[in-house]
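# Commentary on secondary and tertiary structure
In case you want the letters, here they are:
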Amino acid sequence: MALLNINGSDVELQAEDAMPLLWAVRDIAGMTGTKYGCGVGLCGACTVHIDGVAERSCQLTVGEVTGKAITTIEGLDPDGEHRVQQAWRELNVPQCGFCQSGQIMQAASFLAEKPDPSDDEILDAMSGNVCRCGCYQRIVAAVRLASTGS
Amino acid sequence: MLKYLEETQVTGTGSLLVQKLSRRMFLGTGTAFAIGAFATQAQAFPTWATGATAMPNGVREDPLIFVSIDEDGTVTLVAHRSEMGTGARTSLPMIMADEMEADWERVKIIQAEGDEPKYGNQDTDGSRSLRHHIQAARKIGGAVRHMLAAAAADRWGVDAATVTVANHEVKSASGDVLGFGDLAEAAMAMPVPAHDEVAYKSEDAFRYIGKGQVQITDLRDITTGDAIYGADVSVEGMKIAVIARPPVVGGRALSFDATDALNVPGVISVHELPYSNIPAKFAPLGGIAVVAENTYAAIQGRESLIIEWEAGPHGGYNSEPFMEEMKAAAGQPGVVLREQGDPDAAFADAARTFGQTYTQAHMAHIAMEPPAALASVTDQGIEIWAPVQSPYTTRTDVAEAMGVDPANVKVNVTLLGGGFGRKSKADFVTEAALLSREVGAPVRVQWTREDDVRHSFYHTASAERIEVALDEDGKVTGWKHNSVAPSILSTFAPDSGQQFFIESGMGHVDMPFDIPNVRCHNGKAMAHTRIGWFRAVSNVPRAWAIGSFVGELAAELGRDDRQMWLDLIGAPRSIDPVAEGYPENFWNYGEPMDEFPIETGRLADVLNMAADGIGYGKNLPEGEGIGLAVHRSFVSYVACAAHVKVVDGNVTVPEMHLAIDCGYAANPERIESQMQGAAVMGMTLALHSGITYRDGAVEQGNYYDYDVSRSDNYPRNVVTHIVPHPFSVHSTGVGEPGVPPVAPAIANALFHATGKRKRDLPMGVEV
Ligand code: FES
Ligand code: FES
């Protein structure tokens, strides 16, 4: 039994400490916005925030995040209107969409840390998030839009 | 408004369709559409024949199947094609909505279950969704608009020709107004008008079609995490399964010990699934399945299995020697598929000849979403939830594997986290059904990324040899192209080692250059793994070979690349396949040649558009170069101009222009997004994607050894040029044809940047 704080609520989960957070969130908490793409920390589809910072949930165990604030895509903004989400919509960014919750979580954490990044900084910060559909051009533009409003 | 157009300023050609337009503008000024005004004029748009009628279950045009209207005015449209990222679930309903004069904000899209007798063909593959269904979408929308008008006219006791339908409302001449919701029941009870009784909208009255201002259907859900993909469906009592499959196709477990696996907390049971060997169509590979309460337990359980595998007949498959054999075969005469003029004489009489061989390794699709499917098998029947490109063949495949009537199988289609051809094959769904029956509970089968990389249906490996005969003036008088690659057919029937007409039609026998003497032949290569189709299929190696060869030939003859291409393409002409010696069973992507001819002028046009767009010919610093390639596939014409810059010994692409002629551009915004995606996938396969085999097993496993282009090295500044056409110029394919010209354009650019010529895919990131 684990007690995790997810999106501002304390939840009790039937999950052992060694279980990757990804599977605890998806299978036990039943929140499926966080995606499995590789399980080895190389695609970013599983990105969540731990105490506000983007982390790969497939690389963290339940034990490691107990007592920390976990934010998933479902909790990024109560109305789903985070400026990064809005920018994604304005630019019609997704193709299949599967990578996009991870991309958005990565971008939101990055911009919180660096509100006005250079293009190279954006490209670098987003390089751990694979988009097999190849939406990078719009992803980068959307991060820029969320950052500067244009 | 959608900002994408402002972000992708396109200049240079003047022939670009997409323009800066505000969504609000359309909604605000929605032109009232008077049926009456058109009633006595030519109204129905001229229809044309497509290959759709030859597809299983064809096309359905019955509005009562695709459209329903609620009393609150909500218009519900059925999307019967799968959404894997191309926008089919947006674009086809958008066309219906526009022709119907529905307000897109009040349209709801629902996904059809797998039922082709009802909806028509649902196999979302071959870049066919718009090409085959655009006419039906307009017909459906137009018919419903008429039915709404007729219902309102009835209500008012006026002539239907005097009412107008605009933006979700019907108005009478005297100013009465009824909303679509007010007319819901009455309209849908009206007789469905025939095509030639419908006054369709003129193109300048389109509000959504051709504009590219519509948000994709699932945009909000995707950005909030609410979108549902294959692994996101749960039902009461569901278990999760992860399967250890034979490392070699056709292999099996000689023995296994599940003791430790069964001791993993959460693991429920272990089952052996029946094995298969090629040709097994889409039957699962078999293996040892671990069923558990959650995915982590299932994965842990699988890791704890002790299995002794027998490799089976393909245990000797090793990529390196196999590639050498294919290259050798490519240098020998193969089965002749196209013979035009007298190529042997042309080579005998040539002032000189020139030839090169190009290869490509196998590729796996690695869609972002690894395969996952949920099946619930009960006495009442079988219900499936799965991300499948072809829900109806999924249904019939599962029925066959389970020995039940397809009537007892229901297939619900989730969103697909990418497909690229992999999710046409329902092996992973059948696994779930088999296990659900074994376990007596609903089962979700989850493939790990390693499973996906190691147990796919692979893009074939190939060797393509091209030789030309040249006269004194350097004019090409003869062309020979031997294509050697294991065939997709080996997945379906005993393998002859020869390719079949569909593969030959993809850039091999339809080589469009103006050369008098041509031979296209096919050397033998046996399949030792499951060969499937991957976005653009055989066009990838053919465009790679031909496109690279044109660049090499230009260098060999000291000619400018663009001029070399234009010389080979020749004067604009519509190719006569008989005169040019095409095989009798030539496959034009299933489309009739008279409606979808091969027009060389369109090839030259897109080539020039891409070249002009990138500023071909401009001076570049040392270590930079521009390369070109153009290819017709899926009855579309796409050219790529790539700018390569070598940075710290790595290939980078600071700018790329893709020019596409896909007939009428129904949704330019999604066409642009497909071209951006094709640029990235093209660069990925150019630099990274190589699946290799050792002793029959795939050597790669995950992103650590099968990587893709990422945001720190992808084609930056991809500019899309779309050739503008009226609706009457048939819409063709978009999802696939962007990919083939990218790799050869990069290789040609790399040659100009460094003087180095790459002939084998993947070519690697480092120069
Ligand atoms: S699933 Fe965690 S990084 Fe890929
Ligand atoms: S949108 Fe498909 S993987 Fe990114």
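Residues numbered from 1 in each chain as written. Chains lettered and ligands numbered in written order. Predicted model: local features only at pLDDT ≥ 70, side-chain atom pairs only at ≥ 80, totals over all residues. Heavy atoms only, no water.

### Some thoughts on the sheet that holds strand β14 (residues 352-360) of chain B
Strands belonging to one sheet form pairs held by backbone hydrogen bonds; the direction of such a pair is parallel or antiparallel. Residue and element names in this part refer to chain B. Taking strand neighbours across the sheet as the criterion, the 6 strands line up as β13-β21-β20-β19-β14-β28 in an open arrangement whose pairing is mixed. Only two strands of the sheet have a single partner each, and these edge strands are β13 (335-340) and β28 (760-761). Relative to strand β21 (residues 517-523), strand β20 (residues 476-484) is paired through 7 bridges, and the arrangement is parallel. When the bridges of β21 are listed, N482 appears paired with H521. (Pairing = 2+ DSSP bridges. Helix = DSSP H or I, 4+ residues; strand = E, 2+ residues; numbered from the N terminus.)

### Structural notes on a negative patch on the surface
Residues and elements named next belong to chain B. Residues D70, E71, D72 and E185 make up a contiguous surface patch of negative charge. Position of D72 relative to the elements: it lies in the loop between β2 (67-69) and β3 (75-79). Accessibility expressed as a relative area gives 60% for D72, which makes it exposed. (Patch = residues over 30% accessible without salt bridge, like charges linked within 9 Å, V, L, I, M, F, W, Y side chains within 5 Å. Areas by Shrake-Rupley, 256 points an atom, 1.4 Å probe, with all protein chains shown as cover. Salt bridge = Lys/Arg side-chain N within 4 Å of Asp/Glu carboxyl O. Lys, Arg positive; Asp, Glu negative; His and termini not counted. Charge placed at Lys NZ, Arg CZ, Asp CG, Glu CD. Buried < 20%, exposed > 50% of the residue type's maximum accessible area, 1.4 Å probe, protein only.)

### Points about empty space enclosed by the protein
All names here are of chain B. Inspection of the entire model under this criterion finds 9 cavities of 30 Å³ or more. Roughly 500 Å³ of volume is contained in the largest cavity. Looking at the largest cavity, it is lined by 34 residues, and the ones nearest its centre are T86, S127, Q674, V734 and G735. Listing elements by their share of the lining of the largest cavity, those giving two or more residues are α5 (88-100), α7 (129-156) and α21 (668-687). Looking at the lining of the largest cavity, the element that brings in the most residues is α21, giving 3 residues. Of the residues that constitute the lining of the largest cavity, the class distribution is 12 nonpolar, 17 polar and 5 charged. Lining the second largest cavity we find 14 residues, and of these P512, L603, V630, H631 and R632 sit closest to its centre. Where the lining of the second largest cavity is concerned, the elements lending two or more residues are α18 (539-557) and β22 (624-633). For the lining of the second largest cavity, a count of residues per class yields 9 nonpolar, 3 polar and 2 charged. (1 Å grid on protein atoms, 1.4 Å probe; cavity = no way out; pocket = protein on both sides within 12 Å on 5 of 7 lines; lining within 4 Å. Points joined across faces, edges and corners; volume = space filled by probe spheres on them. Nonpolar A, V, L, I, M, F, W, Y, C, P; charged D, E, K, R; others polar.)

### Overview of the domain arrangement of chain B
All names here are of chain B. Domain annotation for chain B reports domain 1 (32-214), domain 2 (230-313 + 371-446) and domain 3 (319-364 + 457-761). Once you take the C-alpha centre of each, domain 1 and domain 3 turn out to be 38 Å apart. Between domain 1 and domain 3, the residue contacts involve 28 residues of the former and 28 residues of the latter. In total, about 2,100 Å² of surface goes out of reach between domain 1 and domain 3, with carbon and sulfur atoms giving 56% of it. The largest contributions to the domain 1 side of the interface with domain 3 come from W48, S127 and R131, which together make up 31% of the buried area. Inspection of the region where domain 1 meets domain 3 yields 1 salt bridge. As a salt-bridge pair, E591 and R131 come within 2.8 Å of each other at their nearest N and O atoms. Applying the counting criterion to the domain 1 and domain 3 interface returns 11 residue pairs in polar contact (both at pLDDT 80 or more). Counting only elements with at least two residues in the side of domain 1 that touches domain 3, the list comes to α5 and α7. It is α7 that contributes the most residues to the side of domain 1 that touches domain 3, 5 residues altogether. Of the residues in the side of domain 1 that touches domain 3, the class split is 11 nonpolar, 12 polar and 5 charged. (Domains from an automatic or database assignment. Contact = heavy atoms within 4.5 Å. Buried area = accessible area lost by both parts, 1.4 Å probe. Polar contact = N/O pair within 3.5 Å; in protein donor to acceptor, adjacent residues only side chain to side chain.)

### Observations regarding the environment of E450 of chain B
The topology assignment puts E450 of chain B in helix α16 (residues 449-454). Residue classification places E450 of chain B among the buried residues on the basis of a relative accessible area of 17%. Sequence separation of E450 of chain B and G701 of chain B is 251 residues, and the distance between their C-alpha atoms is 4.6 Å. Those residues within four positions of E450 of chain B in sequence are excluded, and the remaining contacts are Y36, C38 and V40 of chain A together with G701, N702 and Y704 of chain B. Side chain to side chain, E450 of chain B and N702 of chain B meet in a polar contact 2.8 Å long.

### Structural notes on the pattern of salt bridges
Proximity of charged atoms lets side chains of opposite charge pair with each other. What the rule picks out here adds up to 46 salt bridges over all chains. Among the ionic pairs, R138 of chain A bridges to E669 of chain B, the shortest N-O distance being 2.6 Å. One end of the pair, R138 of chain A, is in helix α6 (residues 136-148); the other, E669 of chain B, is in helix α21, on a second chain. The salt bridge involving E61 of chain B is made with K139 of chain B; its shortest N-O contact spans 3.0 Å. With E61 of chain B in the loop between α3 (35-39) and α4 (63-66) and K139 of chain B in helix α7, this residue pair connects regions lying 78 residues apart in the sequence. Within this structure, R138 of chain A together with E669, R670 and E672 of chain B form a network of salt bridges that share partners.

### Concerning the state of the cysteines
Across all of its chains, the model carries 0 disulfides over all chains by this definition. Looking at C135 of chain A, it has no disulfide partner, and the nearest cysteine sulfur is the one in C131 of chain A, 3.6 Å off. Looking at C662 of chain B, it has no disulfide partner, and the nearest cysteine sulfur is the one in C640 of chain B, 16 Å off. (Disulfide = S-S within 2.5 Å.)

### A few points about the environment of M675 of chain B
Residues and elements named next belong to chain B. Tracing the sequence through the fold places M675 in helix α21. For M675, a relative accessible area of 0% translates into the label buried. Separated by 37 residues in the primary sequence, M675 and V638 have C-alpha atoms spaced 9.5 Å apart.

### A few points about the interface of chain B and chain A
Facing 68 residues of chain B, the contacting portion of chain A comprises 55 residues. When chain B packs against chain A, close to 4,900 Å² is buried across both sides, 55% of that on carbon and sulfur atoms. Scanning the region where chain B abuts chain A turns up 6 salt bridges. Measuring nitrogen to oxygen at the nearest pair gives 2.6 Å for the salt bridge that ties R138 of chain A to E672 of chain B. There are 33 residue pairs in polar contact (both at pLDDT 80 or more) connecting chain B and chain A. At the level of elements, α1 (4-7), α9 (219-224), α11 (295-303), β18 (443-446), α16 and α21 of chain B are the ones that each hand at least two residues to the side of chain B that touches chain A. Take the side of chain B that touches chain A: its biggest share by element is 10 residues, from α21 of chain B. Residue composition of the side of chain B that touches chain A, grouped by class: 32 nonpolar, 22 polar and 14 charged.

### Considering the side chain of S57 of chain A
Residue and element names in this part refer to chain A. When you line up the elements, S57 lands in the loop between β4 (53-56) and α2 (62-65). Here S57 falls in the buried class, since its relative accessible area comes to 0%. Within the local environment of S57, its side chain forms a polar contact with the backbone oxygen of C46, the two atoms lying 2.7 Å apart.

### Structural notes on the side chain of S101 of chain A
All names here are of chain A. By the secondary structure assignment, S101 is in helix α4 (residues 100-113). Judged by relative accessible area, which is 4%, S101 ranks as buried. Look past the residues within four positions of S101 in its chain and what remains in contact with it is G33, K35 and I73.

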